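Residue-level listing of the chains:
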Amino acid sequence: MEITTSRFKENASGALGDSNLQAAMRRATGSFLSRRSAAVADQGDFEALRAYCGAVKAHTLEYLDHYLEQLVDRVEALGGTVHFAADGEEAVRIVTDLAVANGVRTVAKSKSMLSEEIHLNEALEAAGVCPVETDLGEYILQIDGDFPSHIIGPALHKTKEQITQLFHEKLGTAADATVSELTAAARRILRRSFLEADMGVTGVNFAVAETGTIALVENEGNIRFSTSLPRIHLAMMGIEKIVPRMRDLPAFLNVLTRSATGQKASSYISILTGSRRAGEPDGPEAFHLLIVDNGRSSVLADPKLRDVLRCIRCGACLNSCPVYQQVGGHAYGWVYSGPIGAVLDPGLLGLEETQMLPHASSLCGACGEVCPVKIPLPELLVEHRRRAVERGLAPRTERLGIGAYAFIASRPILWNSGTTGGRVAARLLDRGGSLKAGWVPGLASWLKERDFPAPARRSFRELWRRGLKDRA
Amino acid sequence: MNRDAFIGRVRQALGRAPGDPVAAPPQPYIPEVPVSADSGELVARFGAEFEGVGGQLHRAESVEEAREILDRLLREHQVASVLITDEPLVQVVTEPLALKEAEDPADADAGITGAVCGVAATGSLVLSSGVGRRPSLMPLVHLVVLESSAIVADLHTALERFGGDLPSGLVQATGPSRTADIEQTLTTGVHGPGSVQLILLG
Ligand code: SF4
């Protein structure tokens, strides 16, 4: 997908005018959130689990070189082949070369954000290999030439009517097909792909260093097919996917599935250790693990940003984010959206292209509260904003604004007269409890994308001075 | 990029040198499972969770009863041909029924398998590639025969059973194959089995 992170404003205002999208987003994020709350309450010690998983990830990142060595040794000892890619270009070359060298015509692909990040499908097609997305959501997007908008529900920005119409046009299903008829059609078609495919390509949810095992989490069964029927299985992972021990895995699986879909356990968790063994009736003959850097080691080198690599891609921060809920994933302009996208994308793509994203937040803190590995997302958003200002990347008005703010906030007399003046001005703009400034240059464009509640008639400082007696 | 250069870059990013010491990872923390090791309680919790995720549970007192249930289920689901694993319990239960095995696994209507164990905390079945991956995956109906003594509290306990010797593919299966990719509408049987029937023996 084309990177359009620098056009967040345009993308977002398009999204805000799309009522189909708004309805789809409300339904999906709302349902994810309520199921997550129930699943978290059900696991009595969820807070302890979050703390544990956060600590294990922090530890693993701190000694990542050691755990990578261990993982690679174990996978190779099991007969697997490990490939290393410094960037996306090298990664796609490794996969396409492997496919071509093995005479692979069809690849059964399971959902992998990393494969989107490195544009794998385009490269495979260019090499004459046919990649088939086998996750239902991803398949819908593939036949529509569209892109994922959510880590867990890639097609959640589409309504049922849009999908029914799409299947009717592309697959010849009835114009009024039900959801189960649409699903059955996809089952039939994709089953053929699984039988034809010579290679299955998957991501990795967790790689266990001590055993060389990879764990994959799903509900549909397409990952099981992709890792069982084709003769080659290639799994690709960013360097950050490691957990040290098998004993860590149950805790991570627990917080991932509860945070992502509100399930106690996803339908299928595949725990794969090497390829088919002697005496096993079926399974892939060869296992390849592709480990990709693509900007991650520079995030690792930045002690303030390193925590972002703890992410287990559960999507909970997206669902909880009031900005994401409104604009959807596409507005962010790259594969990772929502709060995690706003902190990860600047790390991977550079702040120049992405500095709008950390502003796509009201800093309400909801994302930090739900994150199962305790990434301090709000603080990282502020850190990126600070750096953008420092490097002169922030819009001029904001640089001036922050400079002026610092000047005034550090001088109580100016601060007091300013806040009083602000409240008087705000009263002039107050339209039914929120500010409208169609006629004030500069303010108008800022308020266009924001609902800004009218401020209280008296400031906290004023009330405090009066001993909070008069609480009008 | 070769291995040394790749991992070297990571090491450099961390400001570490080859052979630098590695601190011990945090003490393992195993999620609590509010269920005692008492076998009656394990089975009860397992049954509730298994049915909660859409599995269908059948209790059998004896191998003969298990066979009768299986026979009835096969007829109810209009199963013409099956895939069968060669696990001892599965063989004992199915042999006298002289079921027709599918020539092409893609054509089978049902798969009949055992399981390594059942997981009480989540109502899951742990399946091993040791007996084959296809029978529990490809047909629309998955029929499982399991001794109730094979139910453990949680995934951690299940994994411990293998010691260090894991099969190439272990699957924790919890209920039928499902998707909610179209407007959050839950639909079962998208790629894997849409119906999971467990005959619990003893
Ligand atoms: S940042 Fe945290 S909440 Fe967001 S996707 Fe990653 S793990 Fe989940």
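Summary of the structure given here. (Residues numbered from 1 in each chain as written. Chains lettered and ligands numbered in written order. Predicted model: local features only at pLDDT ≥ 70, side-chain atom pairs only at ≥ 80, totals over all residues. Heavy atoms only, no water.)

1. Details of the overall build of chain B
For chain B, the helix and strand inventory stands at 5 helices and 11 strands. The C-alpha radius of gyration of chain B comes to 21 Å, more than 25% above the 17 Å expected for a compact globule of 202 residues. With the C-alpha coordinates of chain B rotated into their principal frame, the extents come out at 65 × 40 × 40 Å. Considering only contacts in chain B between residues 6 or more positions apart, those separated by 24 or more positions represent 70%. Just so you have it, chain B exposes about 8500 Å², and 49% of that area is on carbon and sulfur atoms. Each charge class in chain B was averaged separately, 14 positive and 27 negative side chains, and the resulting centres sit 9 Å apart. (Helix = DSSP H or I, 4+ residues; strand = E, 2+ residues; numbered from the N terminus. Rg over C-alpha atoms; globule rule 2.2 N^0.38 Å. Contact = heavy atoms within 4.5 Å. Areas by Shrake-Rupley, 256 points an atom, 1.4 Å probe, with all protein chains shown as cover. Lys, Arg positive; Asp, Glu negative; His and termini not counted. Charge placed at Lys NZ, Arg CZ, Asp CG, Glu CD.)

2. Examining the pattern of salt bridges
Following the criterion strictly, the structure yields 30 salt bridges over all chains and no others. Taking the shortest distance from any N to any O, the salt bridge between R9 of chain B and D293 of chain A comes out at 3.2 Å. Of this pair, R9 of chain B sits in helix α1 (residues 3–13) while D293 of chain A sits in the loop between β10 (286–292) and α13 (296–300), placing the two residues on different chains. R9 of chain B sits in the partly exposed class, given a relative accessible area of 30%. Given the relative accessible area of 0%, D293 of chain A is considered buried. Among the salt bridges present, the one from R72 of chain B reaches E76 of chain B, with a minimum N-O distance of 3.2 Å. Of this pair, R72 of chain B and E76 of chain B both sit in helix α3 (residues 63–76), separated by 4 residues, roughly a single helical turn. Given the relative accessible area of 37%, R72 of chain B is considered partly exposed. Relative accessible area serves as the criterion here: at 51%, E76 of chain B is assigned to the exposed category. Overlapping salt bridges, with partners in common, bring together D65, E69, D73 and E76 of chain A together with R3, R11 and R16 of chain B in one network. (Salt bridge = Lys/Arg side-chain N within 4 Å of Asp/Glu carboxyl O. Buried < 20%, exposed > 50% of the residue type's maximum accessible area, 1.4 Å probe, protein only.)

3. Let's talk about the interface of chain A and chain B
Taken together, the contact pairs 97 residues of chain A with 68 residues of chain B. The contact between chain A and chain B buries some 6900 Å² in all, and 58% of this surface belongs to carbon and sulfur atoms. Applying the counting criterion to the chain A and chain B interface returns 10 salt bridges. We note a salt bridge from R3 of chain B to E76 of chain A, for which the minimum N-O separation is 3.6 Å. In this structure, the connection of chain A to chain B is made through 44 residue pairs in polar contact (both at pLDDT 80 or more). Tallied by class, the residues present in the side of chain A that touches chain B amount to 44 nonpolar, 27 polar and 26 charged. Sheet analysis places strand β9 (residues 268–272) of chain A next to strand β8 (residues 169–173) of chain B, joined by 5 bridges and oriented antiparallel. (Buried area = accessible area lost by both parts, 1.4 Å probe. Polar contact = N/O pair within 3.5 Å; in protein donor to acceptor, adjacent residues only side chain to side chain. Nonpolar A, V, L, I, M, F, W, Y, C, P; charged D, E, K, R; others polar. Pairing = 2+ DSSP bridges.)

4. Points about the site of the ligand
Neighbouring the ligand are the residues C311, I312, R313, C314, G315, C317, I340, C371, P372, V373, I375 and L377 of chain A. Here the residues of the shell around the ligand sort into 10 nonpolar, 1 polar and 1 charged. (Near = heavy atom within 4 Å.)

5. Focus: the sheet that holds strand β4 (residues 117–119) of chain B
Adjacent strands of a sheet pair through backbone hydrogen bonds, lying either parallel or antiparallel. Pairing in this open sheet of 8 strands is mixed, and the strands run β8(A)-β5(A)-β6(A)-β9(A)-β8(B)-β5(B)-β4(B)-β7(B) from one edge to the other. Taken across any chain shown, the strands that pair with only one partner, and hence form the sheet edges, are β8 (242–243) of chain A together with β7 (151–152) of chain B. Relative to β8 of chain B, strand β5 (residues 124–128) of chain B runs antiparallel, the two being bridged by 4 bridges. Bridge pairing in β8 of chain B links S128 of chain B to L170 of chain B. Lying on the sheet, helix α12 (residues 249–260) of chain A is in contact with β5 (206–208), β6 (213–218), β8 and β9 of chain A; it crosses β5 of chain A at an angle near 175 degrees. (Axes fitted to C-alpha atoms, helices over the stretch in contact; angles between N-to-C directions.)

6. Considerations on the sheet that holds strand β6 (residues 141–147) of chain B
Residue and element names in this part refer to chain B. Sheet architecture is open: 5 strands sit in the order β1-β11-β6-β3-β2, paired in parallel fashion. At either margin of the open sheet sits one strand with a lone partner, and together these are β1 (56–60) and β2 (82–84). Across the sheet, the mean angle separating the axes of adjacent strands is 15 degrees when strand polarity is ignored. Sheet topology places β1 next to strand β11 (residues 195–201); 5 bridges connect them, and they run parallel. For L57, the partnering residue across the bridge sits in β11 and is L198. Relative to β1, helix α2 (residues 39–52) is tilted by about 145 degrees, and along the sheet it contacts β1 and β11. In the packing of α3 onto the sheet, the strands contacted are β1, β2, β3 (110–113), β6 and β11, and the crossing angle to β1 comes to about 145 degrees.

7. Points about the nonpolar core
Residues and elements named next belong to chain A. With 105 residues, the main nonpolar core has L289, I291 and I340 as its most contacted residues. If you tally residues by element for this core, the top one is α12, at 7 residues. Split by domain, this core shows at least three residues from each of two domains, domain 1 (1–42 + 315–394) and domain 2 (46–155 + 197–297). L166, L182, A186 and A197 belong to the second-largest nonpolar core, a separate cluster that totals 22 residues. (Core = buried A, V, L, I, M, F, W, Y, C linked by side-chain atoms within 4.5 Å. Domains from an automatic or database assignment.)

8. Description of the side chain of H150 of chain A
Residue and element names in this part refer to chain A. Within the secondary structure, H150 sits in the loop between α8 (136–144) and α9 (160–171). Using a relative accessible area of 2% as the deciding quantity, one classes H150 as buried. In terms of polar contacts, H150 uses its side chain to reach the backbone amide nitrogen of I152, at 2.9 Å. Side-chain polar atoms of H150 contact the side chain of N319, separated by 2.7 Å.

9. Looking at unusual backbone geometry
Residues and elements named next belong to chain B. Unlike most non-glycine residues, Q78 shows phi in positive territory, near 50 degrees. Residue position: Q78 is located in the loop between α3 and β2. Looking at Q78, the relative accessible area reads 70%, which means it is exposed. Here E183, not a glycine, exhibits a phi torsion of approximately 50 degrees, which is positive.

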